[in-house]
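# What the coordinates show
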Amino acid sequence: MLLLIKKTWFRRGFNPYVGDIPYARAGSYRLCEDETGVDTLKRPTWDEYFMAITTVVARRSTCLRRQVGSVIVRENRILATGYNGAPAGLRHCLEVGCLRQRRGVPPGERHELCRGLHAEQNALIQAASYGIAIQGAGFYVTHQPCALCAKMMANAGIEKVVFAGDYPDQLAQEICREAGIIMVRFPAV
């Protein structure tokens, strides 16, 4: 029997779901009954924990088409985060509009026609800016990476990518496979 205990320490109207991935609200926790009938705390798995964080990071996105968040992790420690949006100091798409939308460019094509950086690129740049070594780390991303991000991950020595949403880029999957990057769809099926 699963018991859900909710504390009301979160602000009114806060949506606990971003995209398709639910995440825990501040001050909420789950209890479950074990085989002996004793209630125990059910902690999220590491994948659940980091994927929940990606959804919060994605809420910072300024992209009009898709909100993406990413987290770089090694040994269950967060090294860097990133979300998609315009470079620091430049006007956001929220202000100037979306060139790709105006031109009718479908997802997964003509990446050069976007003023924004991808979430994975921003996380890699954040790690580099602060001198954080990421070789051997894993990436948690709300969506499957594109081919450009997959190539950057391969060169950075990323070993595993856990992702939830689809992205129409078969080349990215081929690059990851060839580079030996383990791709895991979340939730694992």
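For clarity, every value in this text was computed on a predicted model and none was experimentally measured. (Residues numbered from 1 in each chain as written. Predicted model: local features only at pLDDT ≥ 70, side-chain atom pairs only at ≥ 80, totals over all residues. Heavy atoms only, no water.)

The next point concerns the overall build of the protein. From N to C terminus, the protein includes six helices and ten strands. Counting across all 189 residues of the protein, residues that qualify as buried make up 39%. Intrachain contacts of the protein at a sequence separation of at least 6 include 52% that bridge at least 24 residues. Carbon and sulfur atoms form 53% of the exposed surface of the protein, whose accessible area is close to 11400 Å². (Helix = DSSP H or I, 4+ residues; strand = E, 2+ residues; numbered from the N terminus. Buried < 20%, exposed > 50% of the residue type's maximum accessible area, 1.4 Å probe, protein only. Contact = heavy atoms within 4.5 Å. Areas by Shrake-Rupley, 256 points an atom, 1.4 Å probe, with all protein chains shown as cover.)

Quick look at the sheet that holds strand 7 (residues 77-83) now. Spatial strand order, 7-6-8-9-10: five strands in an open sheet with mixed pairing. Every interior strand has two partners, whereas the edge strands, strand 7 and strand 10 (182-185), have only one. Mean inter-strand twist for the sheet, computed between neighbouring axes without regard to direction, equals 20 degrees. Relative to strand 7, strand 6 (residues 69-74) is paired through six bridges, and the arrangement is antiparallel. Residue pairing in the sheet places Ser70 in a bridge with Gly82 of strand 7. (Pairing = 2+ DSSP bridges. Axes fitted to C-alpha atoms, helices over the stretch in contact; angles between N-to-C directions.)

A few words now on the pattern of salt bridges. Where charged atoms from two side chains of opposite charge come close, those side chains can pair. All told, the structure shown has three salt bridges when counted by the stated rule. In this structure, Glu112 and Arg110 form a salt bridge, with 2.7 Å as the shortest nitrogen-oxygen distance. When its relative accessible area of 55% is taken as the criterion, Glu112 is described as exposed. Arg185 is the partner of Asp166 in a salt bridge, and the nearest nitrogen-oxygen pair spans 2.5 Å. (Salt bridge = Lys/Arg side-chain N within 4 Å of Asp/Glu carboxyl O.)

On to the environment of Glu112. Position of Glu112 among the secondary structure elements: in the loop between helix 3 (99-103) and helix 4 (119-129). Here the alpha-carbon distance between Glu112 and Arg100, two residues twelve residues apart in the chain, equals 9.5 Å. Looking at Glu112, its side chain comes within polar contact range of the side chain of Arg110, at 2.7 Å. (Polar contact = N/O pair within 3.5 Å; in protein donor to acceptor, adjacent residues only side chain to side chain.)

So, on to the side chain of Asp169. In this structure, Asp169 sits in the loop between strand 9 (160-165) and helix 6 (170-179). Buried and without a salt bridge, Asp169 has Lys151 as its closest oppositely charged side chain, separated by 8.6 Å. A polar contact is formed between the side chain of Asp169 and the backbone nitrogen of Leu171, at a distance of 3.2 Å. Engagement of the side chain of Asp169 in a polar contact is seen with the backbone nitrogen of Ala172, the distance being 3.2 Å. Beyond its immediate stretch of four places on either side in the chain, Asp169 contacts His111, Gln144, Cys146 and Ala147. (Lys, Arg positive; Asp, Glu negative; His and termini not counted.)

This part covers the environment of Cys98. Mapping Cys98 onto the fold places it in the loop between helix 2 (93-96) and helix 3. Distance in space between the C-alpha atoms of Cys98 and Arg65 is 8.2 Å, their sequence separation being 33 residues. When sequence neighbours within four positions are dropped, the list of residues in contact with Cys98 reads Leu64 and Arg65.

Once that is clear, we can look at helix 5 (residues 147-156). By the burial criterion, the buried members of helix 5 are Ala147, Cys149, Ala150 and Met153. On an axial view of helix 5, the arc spanned by its buried residues comes to 160 degrees, and they lie on one face. The secondary structure elements touched by the buried residues of helix 5 are helix 4, strand 8 (138-143), strand 9 and helix 6. Downstream of helix 5 by a residue or two, Gly157 has a phi angle that is positive, lying close to 80 degrees. (Arc of directions from axis to C-beta.)

Honestly, it's all geometry; don't read function into it.
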